[in-house]
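Breakdown of the fold
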Amino acid sequence: MSSLRPETRAVHLPQPEPNGSRPISVPIYQTSGFVFDDPAVFADGMGRHDGAYVYGRLSNPTVRSLEEAVAGLEGGVAAVATGSGMGAINSVLLALLQPGDHVIAQAPLYGGTAHMLADLTARFGVEVDYVPEADPAAARAALRPSTKLLYLETIANPMTQVADLPGMCAVAREAGIVTVVDNTFASPVLCRPIEHGADIVVHSATKYMSGHTDVIGGIAVFASAELHRRVWAYATDLGATADPFAAWLTLRGLQTLPLRMERHCSNTRQLATRLAGHPAVAAVHWPGLPSHPSYELAAKLMPDFGGVFSFDVAGGRAAGEAFMRRVRLALLAPSLGGVETLILHPATTSHRSVSAAGLAAAGIGEGTIRVSVGIEHAEDLWADFEQALGHTA
Ligand SMILES: Cc1ncc(COP(=O)(O)O)c(C=O)c1O
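Cut-offs and rules
Residues numbered from 1 in each chain as written. Predicted model: local features only at pLDDT ≥ 70, side-chain atom pairs only at ≥ 80, totals over all residues. Heavy atoms only, no water. Helix = DSSP H or I, 4+ residues; strand = E, 2+ residues; numbered from the N terminus. Rg over C-alpha atoms; globule rule 2.2 N^0.38 Å. Buried < 20%, exposed > 50% of the residue type's maximum accessible area, 1.4 Å probe, protein only. Contact = heavy atoms within 4.5 Å. Areas by Shrake-Rupley, 256 points an atom, 1.4 Å probe, with all protein chains shown as cover. Lys, Arg positive; Asp, Glu negative; His and termini not counted. Charge placed at Lys NZ, Arg CZ, Asp CG, Glu CD. Phe/Tyr/Trp six-rings, centres within 6.5 Å; stacked < 30°, edge-to-face > 60°. Right-handed = clockwise from strand over helix to strand, strands pointing away. Pairing = 2+ DSSP bridges. Axes fitted to C-alpha atoms, helices over the stretch in contact; angles between N-to-C directions. Near = heavy atom within 4 Å. Polar contact = N/O pair within 3.5 Å; in protein donor to acceptor, adjacent residues only side chain to side chain. Nonpolar A, V, L, I, M, F, W, Y, C, P; charged D, E, K, R; others polar. Salt bridge = Lys/Arg side-chain N within 4 Å of Asp/Glu carboxyl O.

**Focus: the overall build of the protein**
Along its length, the protein carries 15 helices and twelve strands. Its C-alpha atoms give the protein a radius of gyration of 23 Å, near enough to 21 Å, the size a compact globule of 393 residues would have. Counting only C-alpha atoms, the protein reaches 80 × 55 × 35 Å along its principal axes. When burial is assessed residue by residue, the protein has 51% of its 393 residues classed as buried. The contacts of the protein with a sequence gap of at least 6 include a subset with a gap of at least 24, amounting to 74%. With the model as given, the accessible surface of the protein reaches about 17700 Å², and the carbon-plus-sulfur share is 56%. Considering the protein, the positive charge centre built from 27 side chains and the negative charge centre built from 37 side chains are found 3 Å apart.

Here's what the structure looks like:
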């Protein structure tokens with residue numbers, strides 16, 4: 001090195017080598033590619049998910065660490081981390097569907113996914129039938145010879161209906177089609193859909209998994225190596241795979257996921273229960289309340305009921321807007337699953353593209369407010385909600 005000129009030495013930096021110890025936390029491998037001593041190992045690593053690391057779009061050690069961690073938590077054999085939740089969903093749909101294929105999807109469905117399915121219908125003739133999330137008979141009746149995929153969500157947005165995963169997955173299994181479950185709202189702490197018969201689990205890692213409202217990320221977890229290979233090959237060609245820094249932030253969040261979920265759920269129980277008894281509230285929608293249509297199913301599938309709920313302020317739109325203007329601690333913002341409590345008005349934001357009839361069918365009213373409950377002290381949150389509700393009449 002000492003014989004080289006400064007220009008060359010500045011480019012070829014010394015590389016740290018393990019010297020009898022190793023880092024406690026997973027390092028960020030912020031590199032786009034990897035150096036080889038052996039050209040044969042380089043050649044072998046190309047186009048393989050389990051070969052040597054070659055190029056960051058195909059694989060990266062920080063990203064691999066996240067994939068292995070989440071595959072382990074979900075009970076899958078492998079995972080593909082992506083640049084967003086939609087990156088994971090689209091990688092799965094585009095890798096597995098052909099023009100003319102038929103998909104059975106649950107209604108309600110996350111808007112981004114429904115939008116993508118509509119696009120696949122318009123451009124590639126993929127046909128989609130929607131069935132209720134907990135109606136295996138309806139799913140069975142919708143089957144066609146061309147059906148390739150059943151698409152479910154563990155807990156739906158924003159009314160928090162819970163899918164009958166065992167019942168719905170059994171229909172798909174009998175028919176020999178692939179079941180994909182979006183497990184974003186439950187996280188693997190509350191539900192592991194592969195245990196109930198799902199083939200692929202997708203997440204917006206933007207939400208609970210990273211948990212600190214500072215990452216956009218996604219991940220797809222696979223029950224079989226064959227499905228993993230197909231989706232990995234497509235996602236890498238599509239360029240949907242995750243960046244090491246986002247993967248590192250997600251890994252860091254993952255370490256506290258069980259602790260955070262515990263607090264999200266207990267805070268939600270307190271808020272939902274108290275709101276249900278408040279005179280300015282017309283209805284509360286959370287599967288942990290016996291009044292929710294999914295209560296019994298949720299109690300069978302999950303140890304707790306999640307950190308998102310919705311409620312209808314008595315007095316409709318004007319009262320809902322008054323509440324949203326008055327809250328101080330809860331932040332009026334998109335997204336969910338972070339440490340901060342966030343609220344939004346589905347009818348004018350997340351579900352603005354849904355028709356009035358669609359909103360009514362989903363039970364989303366003019367005064368419905370969705371809450372993603374954070375990990376603050378429950379009493380501070382309640383004080384904030386109570387003062388804000390005091391001004392809605
Ligand atoms: C249930 C669900 N799935 C998928 C997504 C898409 O995730 P991302 O925004 O990370 O692409 C979201 C985003 O809100 C979501 O709520």
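**Remarks on the packing of aromatic side chains**
Using the criterion set out here, one finds nine aromatic pairs in the structure. Taking the centre distance of 5.7 Å and the plane angle of 70° together, the rings of Trp-286 and Phe-305 count as edge-to-face. Here Phe-305 lies in the loop between helix H12 (295-301) and strand E9 (308-313) and Trp-286 lies in the loop between strand E8 (281-285) and H12, a separation of 19 residues in the sequence. An aromatic cluster of at least three residues, connected via ring pairs, comprises Phe-309, Phe-311, Phe-323 and Phe-385.

**A look at the pairing of strand E2 (residues 102-107)**
Of all six residues making up E2, five are buried, and the element is well covered by its neighbours. Tracing the backbone out of E2, into helix H5 (residues 111-124) and back to the parallel element strand E3 (residues 127-132) gives a crossover that is right-handed. Bridge count for E2 against strand E4 (residues 147-153) is four bridges, and the pairing is parallel. Each bridged residue has a counterpart across the sheet, and for Ala-105 the counterpart in E4 is Tyr-151.

**Here we look at the sheet that holds strand E5 (residues 178-182)**
Pairing within the open sheet is mixed, and its seven strands lie in the order E1-E7-E6-E5-E4-E2-E3. Where the open sheet ends on each side, the last strands, each with one partner, are strand E1 (78-82) and E3. Mean inter-strand twist for the sheet, computed between neighbouring axes without regard to direction, equals 20°. Bridge count for strand E6 (residues 200-204) against strand E7 (residues 218-222) is five bridges, and the pairing is antiparallel. Looking at E7, one finds that Val-202 is bridged to Ala-220. Lying on the sheet, H5 is in contact with E2, E3 and E4; it crosses E3 at an angle near 145°. The strands touched by helix H9 (residues 225-238) are E1, E5, E6 and E7; relative to E1, the strand with the most contacts, the crossing angle is about 20°.

**A word on the site of the ligand**
Every residue near the ligand is listed here: Ser-84, Gly-85, Met-86, Ile-89, Tyr-110, Asp-182, Thr-184, Phe-185, Ser-204, Thr-206, Lys-207 and Gly-217. A distance of 2.8 Å separates an oxygen atom of the ligand from a polar backbone atom of Met-86. Here Asp-182 contributes a side-chain N or O atom positioned 2.6 Å from a nitrogen atom of the ligand. When the ligand sits alone it has 390 Å² of accessible area, and the protein chains cover 88% of it. The element contributing the most residues to the shell around the ligand is helix H4 (residues 85-96), with three residues. Its residues assigned to classes, the shell around the ligand comprises four nonpolar, six polar and two charged.

**Quick look at the sheet that holds strand E11 (residues 342-344)**
Taken in spatial order, the five strands make up an open sheet running E8-E9-E12-E11-E10, and their pairing is mixed. Both outer strands of the open sheet, E8 and strand E10 (331-332), are each paired with one neighbouring strand and no more. As defined by bridge partners, E8 adjoins E9 across four bridges and the pair is classed as antiparallel. Along E9, the bridge assignment pairs His-285 with Ser-310. Each of E8 and E9 is contacted by helix H11 (residues 257-276), which is oriented at about 15° to E9, the strand it contacts most. Its contacts with the sheet put helix H15 (residues 378-389) on E8, E9, E11 and strand E12 (368-372), and the angle it makes with E9 is roughly 20°.

**Here's the deal with the pattern of salt bridges**
In this structure the tally under the stated criterion is 14 salt bridges. Of the charged contacts, one joins Glu-226 and Arg-229 as a salt bridge, the two residues approaching to 3.4 Å between their closest N and O atoms. Of the two residues, Glu-226 and Arg-229 both sit in helix H9, three residues apart, roughly one turn of that helix. Its relative accessible area of 42% is what places Glu-226 among the partly exposed residues. A relative accessible area of 40% means that Arg-229 is categorised as partly exposed.

Shape is all these values report; function is a separate question.
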